[in-house]
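Take a look at the letters that make up each chain.
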Amino acid sequence: MSRTVYVNGAYLPEEEATVSIFDRSFLMADGVYEVTSVLGGKLIDFDGHLARLERSLNELDIPKPEAFDSLLEIHRELVVRNDITDGMIYLQVSRGSAGDRDFVFPDPEVVKPTLVLFTQSKPGLAESPVAQKGIKVISIEDVRWGRRDIKTVQLLYPSMGKMMAKKAGADDAWMIEDGFVTEGTSNNAYIVQGNKIITRALSNDILHGITRAAVLRFAREAQMEVEERSFTIDEAKAADEAFITSASTFVMPVVEIDGVTLGDGTPGSVAPRLREIYLEESRKAAI
Ligand code: PDD
């Protein structure tokens, strides 16, 4: 069934939606994006995703699209028009098309940003059977640029990382810089030692995950100990548990790193409990 998507002010069938070949996100990866999950027809952590979008745009001097203040309404309209119960809404803003290729940014008074949104239906997203058994990750070198806090569409290396994982019979990859884990290809990374949750502190080295912020808040509220510091891959392999967080996986246990089984090879107790709390609280706060 054809989806209804949103492009620069218009709701269109996906086959009729177009963007210029000169669009800077196509030519230069000059664009940013957000992924917001939908559970029970409602948006999860929407305000956080909107705030991060605004920050990403500001950091790159991309003007806010005219429809910025209507983004909640547009998300909701796409949920209704595509009959989404569970799934994701993808949003992308690029610096637009100057009608030619040029490294220099176009005049923002003349060239308006491109705004695209589309839905991905994933019925039963929160009941993923994968979460019951956990995922396997491999470690790879982190060769991305130095502003990973900005959610740009430069996703080639994360994509290659997923392919390396697939080739190795794993589900995902954790990236390593100077011996320390930065994050997963499209998620934040955590280890658990006893009752302590350890995850890298926020900086330009990682994306400031919206799910991360919520999960750490819920963990602290549940009296779990949280330590925001870098950890090595060897520390991770020796941990009691590990997990990842993102808007599309929520809290997902990791049971194997580079072929080393963690604990007894099951998701353990901390990650499944955090997943339960996150899903329950997020559903309650969904809009
Ligand atoms: N990825 N780190 C990276 C590199 C990411 O791409 C993502 C999100 C996260 C988690 O952020 P959040 O909790 O706000 O989703 C961390 C999205 C889901 C994606 O690219 O599909």
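Provided above is the structure to which this section pertains.
What comes next is a walk through the structure. (Residues numbered from 1 in each chain as written. Predicted model: local features only at pLDDT ≥ 70, side-chain atom pairs only at ≥ 80, totals over all residues. Heavy atoms only, no water.)

## Examining the pairing of strand β9 (residues 180-184)
Burial analysis of β9 places 4 of its 5 residues in the buried class, which makes it a mostly covered element. In this sheet, β9 lies alongside strand β8 (residues 172-177) in antiparallel orientation, the contact comprising 3 bridges. Bridge assignment links W174 to a residue of β9, and that residue is G184. Connecting the antiparallel pair β8 and β9 is a turn made up of 2 residues, with D178 showing a positive phi of about 50°. (Buried < 20%, exposed > 50% of the residue type's maximum accessible area, 1.4 Å probe, protein only. Helix = DSSP H or I, 4+ residues; strand = E, 2+ residues; numbered from the N terminus. Pairing = 2+ DSSP bridges.)

## Some remarks on the nonpolar core
If you look at the biggest cluster of nonpolar residues, it comprises 28 residues, and the most contacted ones within it are L39, I197, F243, F250, V251, L274 and Y278. Taken together, the elements giving at least two residues each to this core come down to β3 (31-39), β5 (87-94), β10 (188-193), α6 (210-221), β14 (250-257) and α8 (270-285). Looking at this core, you find at least three residues from each of domain 1 (4-123) and domain 2 (130-285). Once residues lying within four places of it in the same chain are set aside, the contact partners of L274 are I197, V215, A219, M224, F243 and V251. Counting residues in hydrophobic clusters, the runner-up holds 22 residues, among them L43, F68, L71 and L78. (Core = buried A, V, L, I, M, F, W, Y, C linked by side-chain atoms within 4.5 Å. Domains from an automatic or database assignment. Contact = heavy atoms within 4.5 Å.)

## What about the sheet that holds strand β2 (residues 10-13)?
Strands sit in the order β2-β1-β6-β5-β3-β4 across an open sheet of 6 strands; the sheet is antiparallel. Taken across any chain shown, the strands that pair with only one partner, and hence form the sheet edges, are β2 and β4 (42-43). The pairing of β3 with β4 spans 2 bridges and is antiparallel. Bridge pairing in β4 links L39 to K42.

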